[in-house]
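# Survey of secondary and tertiary structure
The chain contents come next:
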Amino acid sequence: MKTDEPPTGPAAVHRRRHWTRRPNPLAGLGSLVWLAVVIVPIYAMISASLTRQDEALGNNALKPPSDPTLDNYNTVLHNGFGHFLANTAVVAAAVVAIVLVLCVPLAYVAVRTRNVWSGSAFRLFLLGVAIPAQAVVVPLYLMIAKLNLYDSLLAVVLPTAAFAMPVSVLILTGTLRDISEELYEAMALDGASPTRMLFQLVVPLAKGGISTVVIYSALQAWNGFLFPLIFTQSDGPRVLTLGLFNYVSQFGVNIPALLASVVLSGIPIFAVYLVARRALVGGLMGVGGK
């Protein structure tokens, strides 16, 4: 008697694996195009950063420099780059710490507390995703001034962390929903408190989502421009994005030095991405949740 069940056995498994591994020329072509879109600007930036100032405007952007030089990097390193890098690292570390300390418990409560108030508070909190920073920069400026935080790193850290939190909570809730209910019940039977569940169950099993939040919030802080521009004035709390203005004058732009600064400022955050890229992909895949 014939059935509609799929065939089983080693041969059937081999055929299914062979079917899933068929080459996809269209996908390969699309990957090559996307690789070129990403690689070409990076190559042009690095190539221009090794070019002398008098040759920067006359040469083809894709043409390798005829006389490569590291003078532009030397200029950047002796023009306050270390100070700007330290400030940016402090801002990024502080933003990541605030986001993790607040968002992990918030996501835990949103997932584990099933009532009308919890769901409403969660949806209200996520409204922050739809609010652009430009729309509230004036009220934020008044608040920062009233708190006597203007022209300090804290004036950059607090609003940056606040605008990183809605997306971070969304990512973490998607990750926490993938944790099996049986694990919570097993710990509850052992007499575990909600705090113990948070630190001994949720945090270890949510490493992917936490890594995603770390990279996301660090990127928001590292690349932030609006808040440092509005809430700081002196060179003391200046960060890397504002430090680029040192190569822009009334009469021109030092393009090679500017691009050299961009290259150096991108190395630390790129290193962080390389270390946590697998966890980042896994965390983003868990955003949909169950």
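Preceding this section is the structure that the text describes.
The paragraphs below set out a description of the structure included in this document. (Residues numbered from 1 in each chain as written. Predicted model: local features only at pLDDT ≥ 70, side-chain atom pairs only at ≥ 80, totals over all residues. Heavy atoms only, no water.)

## Observations regarding the overall build of the protein chain
Regarding its fold elements, the protein chain presents 14 helices and zero strands. Ordered by position from N to C terminus, the α and β elements of the protein chain give α-α-α-α-α-α-α-α-α-α-α-α-α-α. Expressed as a percentage of the 290 residues in the protein chain, the buried residues total 32%. Sequence separation of at least 24 residues holds for 74% of the intrachain contacts in the protein chain that already meet a minimum separation of 6. Carbon together with sulfur atoms contributes 67% to the accessible area of the protein chain, which is approximately 17900 Å² in total. (Helix = DSSP H or I, 4+ residues; strand = E, 2+ residues; numbered from the N terminus. Buried < 20%, exposed > 50% of the residue type's maximum accessible area, 1.4 Å probe, protein only. Contact = heavy atoms within 4.5 Å. Areas by Shrake-Rupley, 256 points an atom, 1.4 Å probe, with all protein chains shown as cover.)

## Concerning unusual backbone geometry
In this model, asparagine 148 sits at a positive phi of 60°, which is unusual for a non-glycine residue. Despite not being glycine, aspartate 151 has its phi angle at roughly 65°, a positive value. Overall, aspartate 151 belongs to the partly exposed group, its relative accessible area being 26%.

## Things to note about the packing of aromatic side chains
A full pass over the atoms with the stated rule returns four aromatic pairs. Where tyrosine 141 meets tyrosine 150, the ring centres are 5.7 Å apart and the plane angle is 80°; that geometry is what we call edge-to-face. Judged by relative accessible area, tyrosine 141 falls into the partly exposed class, the value being 36%. Overall, tyrosine 150 belongs to the partly exposed group, its relative accessible area being 31%. With a centroid separation of 6.0 Å and 35° between ring planes, the pair formed by phenylalanine 225 and phenylalanine 245 is classed as tilted. Linking phenylalanine 225 in the loop between helix H11 (207-222) and helix H12 (226-231) with phenylalanine 245 in the loop between helix H13 (240-243) and helix H14 (255-285), this pair joins segments that are 20 residues apart in sequence. Taking relative accessible area as the criterion, phenylalanine 245 reaches 44% and is therefore assigned partly exposed. (Phe/Tyr/Trp six-rings, centres within 6.5 Å; stacked < 30°, edge-to-face > 60°.)

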